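Structural description and commentary
Now for the letters of each chain:
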Amino acid sequence: MILRAAVALAAFCLGLSASVAAAVECRDASYDGSLYTICEVNAGQEELRLFLRNAEGKPYGHFAAIDADLGKEEKSLSFATNAGMYHADRSPVGLYVEDGQQEMRLIPNAGPGNFGLLPNGVFCINDTRADVIETLKFRDSGASCRDATQSGPMLVIDGDLHPRFLPDSTSYYVRNGVGTSADGQRAVFVISRNAVTFHQFGSLFRDYLKLPNALYFDGNISRLHAPQLGRSDAGFSMGPVVGVVE
């Protein structure tokens, strides 16, 4: 009886360990001659959140600062990446909502830089799903998000690449972004491991990951926190960050 109980407990612990390990699945992959790191999150099961400021209202800036704050609650980041464009003071360029509190409004009009390369979009997180939604569609739908960050351009829009992306573009940068499935359960975050064009990056989400909508986060400042890969990128202070809390 004792042996049977011990075996059952061991099996339970092994299953629990596997479940924790599967909270975020990160892997390195190659596609069409370029290298990427891909992290998949089950948005319906995991605690996916945005982070910008600490309790004193100061931008976190770095993954380690967020992790240290979570550690006070015996929690940690199992994954994180930068999540949208920001000004020099780390404030978000477009819509930003964190835990139901809006810091910045939606920007529907064109503007300078990649953010203004319309159509852009919103990454919308709720308790049971996460969605990438084109900005005007988001505005007109009256969608509600617990957490939301606006960025741009859209990479994939209802199965089509952004109309401004050129196959023969010469604009190469390290890039990161997020794509979501139609049911809102798969949130897939990608950072390139070499410089790629928008067309290459968008094609990865549409043709390799088979995601109908995807959003660009940023270029050379792109960073990733993926402990399971032994990776936590350092660098200049970031603005909004998206991560999974365990």
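Structural notes, computed from the coordinates. Owing to the predicted nature of the structure, the values given are computational and were not obtained by experimental measurement.

1. Some points on the sheet that holds strand 10 (residues 154–157)
With antiparallel pairing, seven strands are arranged side by side in an open sheet as 1-2-13-12-14-10-11. Two strands bound the open sheet, and with one partner strand each, they are strand 1 (24–31) and strand 11 (160–161). In this structure, strand 10 lies alongside strand 14 (residues 213–218), joined through two bridges in antiparallel fashion. Looking at the pairing, Val156 lines up with Ala214 of strand 14. Where helix 4 (residues 198–208) meets the sheet, it contacts strand 1, strand 2 (34–42), strand 10, strand 11, strand 12 (176–180), strand 13 (186–192) and strand 14, and its direction lies at approximately 35° from that of strand 10.

2. Quick look at the nonpolar core
The biggest cluster of nonpolar side chains holds 27 residues, and the ones touching the most others in it are Leu48, Phe79, Phe123, Phe189, Phe217 and Val242. Sorting elements by how many residues they give to this core places strand 13 first, with three residues. Those residues in contact with Val242 that sit more than four places away from it in its chain are Leu48, Arg49, Leu50, Phe79, Ala80, Thr81, Ala83, Phe123, Ile125, Phe189 and Phe217. Ranked by size, the runner-up nonpolar core spans 21 residues in total, among them Phe165, Val190, Ala214 and Tyr216.

3. Focus on the environment of Leu211
Structurally, Leu211 is set in the loop between helix 4 and strand 14. Distance from Leu211 to His62, taken between C-alpha atoms, is 29 Å for residues 149 residues apart in sequence. Apart from the residues lying within four places of it in its own chain, the contact partners of Leu211 are Val156, Gly179, Thr180, Ser181, Arg186, Val188, Phe205 and Arg206.

Parameters and conventions
Residues numbered from 1 in each chain as written. Predicted model: local features only at pLDDT ≥ 70, side-chain atom pairs only at ≥ 80, totals over all residues. Heavy atoms only, no water. Pairing = 2+ DSSP bridges. Helix = DSSP H or I, 4+ residues; strand = E, 2+ residues; numbered from the N terminus. Contact = heavy atoms within 4.5 Å. Axes fitted to C-alpha atoms, helices over the stretch in contact; angles between N-to-C directions. Core = buried A, V, L, I, M, F, W, Y, C linked by side-chain atoms within 4.5 Å. Buried < 20%, exposed > 50% of the residue type's maximum accessible area, 1.4 Å probe, protein only.

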